[in-house]
Amino acid sequence: MNVLNYIQSFFSDGSHWHGYDGIPQRVWEHLQYSAAALAIAAAIGLPTGLVTGHTGRGGNALAFVSAGARALPTFGLLVLMFVWLGLGVLPVMIPLVVLAVPPVLITTYEAIRNVDPSPVDAARGMGMPEGKILLQVEVPAALPLILSGLRSAAIQIVSTATIAAYVSLGGVGRYIVDGLYQRNYEKVVGGATLTAVLALLVLVLFWAVARLAVSPGVRRRRAA
């Protein structure tokens, strides 16, 4: 049986659409883990990246921290957190947040640093406070790149949140882990397909957000 047949068999099986192990429930769990991890990563990475990018201080430290975080193996960190903290959502959240913070942090920093200095200097010349310069001048101009960092982090989280199943939690990774244990490759392929579909939906979602949030003038300048 080839992959397409596995996919067809998995999604056409009515038992996979109902109950605690049904696709809607597992997708909902996966989205909950992913949204929570992205929210925490954004709460850490966005303010830090915005402030350091605006002031121009701490760039080397950010690069060092981000490189160190990227070097950490996500699954190894999950196992370590599980041994240390036991069962629960926290051992899953920590490696997912560690995975997601670097792209948010570094991209936000670079986005602010690369804003055209002319409008920033003009705003300072008009006596605008630094906080307003950051939020009203720099952030709108840097928004496309900031969103790209969030998009990258979201895709990494959605693709990696399958690890929750390894510590007895849910999500679409449950199909992969259970399928491997049961040698049910229909489940394995179904879980992998769901993960890929969710990642593609994240791309579509961020494309729509960018179309709504980024001003047409900024889009035209980037296209040029």
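For clarity, every value in this text was computed on a predicted model and none was experimentally measured. (Residues numbered from 1 in each chain as written. Predicted model: local features only at pLDDT ≥ 70, side-chain atom pairs only at ≥ 80, totals over all residues. Heavy atoms only, no water.)

Once that is clear, we can look at the nonpolar core. Grouped together as the largest cluster of nonpolar side chains are 51 residues, with contacts concentrated most on Val92, Leu96, Ile112, Ile146, Leu150 and Leu194. Those elements that place two or more of their residues in this core are α2 (23-55), α5 (90-113), α6 (117-125), α7 (130-160) and α9 (185-213). Looking at this core element by element, the count peaks at 13 residues for α7. Not counting residues within four places of it along the chain, the set of residues in contact with isoleucine 112 comprises Leu50, Gly53, His54, Leu134, Glu138, Val139, Ala142 and Ile146. (Core = buried A, V, L, I, M, F, W, Y, C linked by side-chain atoms within 4.5 Å. Buried < 20%, exposed > 50% of the residue type's maximum accessible area, 1.4 Å probe, protein only. Helix = DSSP H or I, 4+ residues; strand = E, 2+ residues; numbered from the N terminus. Contact = heavy atoms within 4.5 Å.)

Here the focus is the environment of alanine 100. Tracing the chain through its elements places alanine 100 in helix α5. Linking alanine 100 and isoleucine 155, residues 55 residues apart in sequence, is a C-alpha distance of 9.2 Å.

By the element assignment, serine 148 lies in helix α7. A distance of 2.6 Å separates a polar atom in the side chain of serine 148 from the backbone oxygen of leucine 145. (Polar contact = N/O pair within 3.5 Å; in protein donor to acceptor, adjacent residues only side chain to side chain.)

We now examine unusual backbone geometry. The residue serine 168 is not glycine, and still its phi comes out positive at about 70 degrees. Inspection of the secondary structure puts serine 168 in the loop between α7 and α8 (173-182). For serine 168, a relative accessible area of 59% translates into the label exposed. Positive phi is not limited to glycine here, since arginine 183 has a value of about 55 degrees. Relative to the assigned elements, arginine 183 resides in the loop between α8 and α9.

Right, let's talk about the packing of α6 against α7 for a bit. Relative to each other, α6 and α7 sit at 145 degrees, their axes nearing to 10 Å. Viewed along their axes, α6 and α7 form a crossing whose handedness is right-handed. Here Pro119, Val120, Ala123 and Arg124 of α6 lie close against α7, whose contacting residues are Glu130, Ile133, Val137 and Glu138. For the contact of α6 with α7, the residue count by class is five nonpolar, no polar and three charged. (Axes fitted to C-alpha atoms, helices over the stretch in contact; angles between N-to-C directions. Left-handed = near helix turned anticlockwise from the far one by under 90°. Nonpolar A, V, L, I, M, F, W, Y, C, P; charged D, E, K, R; others polar.)

Once that is clear, we can look at the pattern of salt bridges. Under the counting rule described, the total for this entry stands at five salt bridges. In this structure, arginine 26 and aspartate 21 form a salt bridge, with 2.9 Å as the shortest nitrogen-oxygen distance. Overall, aspartate 21 belongs to the buried group, its relative accessible area being 19%. Shared partners join several salt bridges into a network, and the residues in it are Asp21, Arg26, Glu29 and Lys187. (Salt bridge = Lys/Arg side-chain N within 4 Å of Asp/Glu carboxyl O.)

So, about the environment of threonine 107. Turning to its location among the elements, threonine 107 is positioned in helix α5. Threonine 107 gets classed as buried once you look at its relative accessible area, which sits at 18%. In sequence terms threonine 107 and leucine 150 are 43 residues apart; their C-alpha atoms lie 8.5 Å from each other. Every residue in contact with threonine 107, bar those within four places of it in the chain, is listed here: Pro102, Leu145, Ser148 and Gly149.

Looking now at the packing of aromatic side chains. A ring pair, where both rings are aromatic, is described by two values, the distance of the centres and the angle of the planes. Per the counting criterion, the structure on display carries four aromatic pairs. Seen from their ring centres, phenylalanine 10 and phenylalanine 11 are 5.0 Å apart, and the 90 degrees between their planes marks the pair as edge-to-face. Ring geometry for phenylalanine 75 versus tyrosine 166: centroids 5.1 Å apart, planes at 80 degrees, classification edge-to-face. Here tyrosine 166 lies in the loop between α7 and α8 and phenylalanine 75 lies in helix α4 (residues 74-85), a separation of 91 residues in the sequence. Residue phenylalanine 75 is classed as partly exposed on the basis of its relative accessible area of 42%. By way of ring pairs, the aromatic residues Phe10, Phe11, Trp17 and Tyr175 are connected into one cluster. (Phe/Tyr/Trp six-rings, centres within 6.5 Å; stacked < 30°, edge-to-face > 60°.)

Taken by themselves, the reported measurements are silent on function.
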